[in-house]
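Descriptive analysis of the structure
Now for the letters of each chain:
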Amino acid sequence: MSFQGPRGPNGLTAGFRLFIIQRHRRKKRPLGEEGETAEAERGQKGMDNRTSKQNYYLDIADSVLERSTCLRRKYGAIIVRNDEIISTGYNGAPRGRRNCSDLGVCTRETLHIPSGERYELCRSVHAEANAIISASRRDCRGATLYLSGEDVDTGAILSDTTPCFMCRRLIINAGISNVICRTGEETYTNTNVRDWVFNDESLDVKF
């Protein structure tokens, strides 16, 4: 998903600003453990009651996930570089194919497959992948990807949000520097992508 047109000082097009304004942010209770608390952010607020820059972009990712067509978990991702939103993405079927929300069935749900397993049975393109597809590598290099997730049944924030192994490889090759994932209403994790380069999970596979 891409928003074209003149950008304002905050990096948003007029259409996307209207999209954000029209959606009132819902308060949601985190699912499971709260996750990593951004203590540095709390200390920096002081007398300034504005939301942090990290949560500002996570709130936008939270709006993007509302377009998701997944029956299990909704995810929204945005790529930001130099305080400009480059692209957005949410998880859903490839263009032209019927969405799971239209079919009313999820194969992985029917087979009771745990989250994070048997991705070959999933019909969707992940939010991170869709955001990367909608951007050029030139714009992705040195950028930050923000990711937010929501449980479809409860509407709760997913405290374990993190890119899957396949999306991590796309993120590495796109040249993205950091990934910030929402874990609670105001909490998040901030991962340096270089950690995924040197901590290669594919080498841990046992034959």
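As a reminder, the structure under discussion sits directly above these lines.
Residues numbered from 1 in each chain as written. Predicted model: local features only at pLDDT ≥ 70, side-chain atom pairs only at ≥ 80, totals over all residues. Heavy atoms only, no water.

**Examining the layout of surface pockets**
The calculated volume of the largest pocket comes to roughly 610 Å³. Contributing to the lining of the largest pocket are 29 residues, with Tyr75, Ser115, Gly116, Tyr119 and His126 lying nearest its centre. Every element with two or more residues in the lining of the largest pocket is listed here: β2 (73-81), α5 (107-110), α6 (127-133) and α8 (165-174). Ranked by the residues each element gives to the lining of the largest pocket, the list is headed by α8, at four residues. Approximately 360 Å³ is the volume attributed to the second largest pocket. Lining the second largest pocket are 15 residues, and of these Tyr90, Ala93, Pro94, Arg95 and Asn130 sit closest to its centre. In terms of residue class, the lining of the second largest pocket is made up of six nonpolar, six polar and three charged. (1 Å grid on protein atoms, 1.4 Å probe; cavity = no way out; pocket = protein on both sides within 12 Å on 5 of 7 lines; lining within 4 Å. Points joined across faces, edges and corners; volume = space filled by probe spheres on them. Helix = DSSP H or I, 4+ residues; strand = E, 2+ residues; numbered from the N terminus. Nonpolar A, V, L, I, M, F, W, Y, C, P; charged D, E, K, R; others polar.)

**Side note on unusual backbone geometry**
Glycine aside, negative phi is the norm for most residues, and most peptide bonds take the trans geometry. The backbone of Asn82 sits at a positive phi, close to 55°, despite the residue not being glycine. Even without a glycine there, the phi angle at Asp83 is positive, about 60°. Within the secondary structure layout, Asp83 lies in the loop between β2 and β3 (84-90).

**Considering the nonpolar core**
Within the largest apolar cluster, 20 residues are counted, with the highest numbers of intra-cluster contacts made by Ile79, Leu145, Leu147, Ile171, Ile176 and Val179. The set of elements that each furnish at least two residues to this core consists of β2, α6, β4 (144-151), α8, β6 (178-182) and α9 (193-198). Listed in part, the 12 residues of the second largest apolar core include Ile60, Ala61, Val64 and Tyr146. (Core = buried A, V, L, I, M, F, W, Y, C linked by side-chain atoms within 4.5 Å. Buried < 20%, exposed > 50% of the residue type's maximum accessible area, 1.4 Å probe, protein only.)

**A look at α8**
For α8, the full list of buried residues reads Cys167, Arg168, Ile171 and Ala174. Down the axis of α8, the smallest arc covering the buried residues is 125°, so these residues share one side. Looking at the buried residues of α8, the elements they touch are α6, α7 (137-140), β4, β6 and α9. (Arc of directions from axis to C-beta. Contact = heavy atoms within 4.5 Å.)

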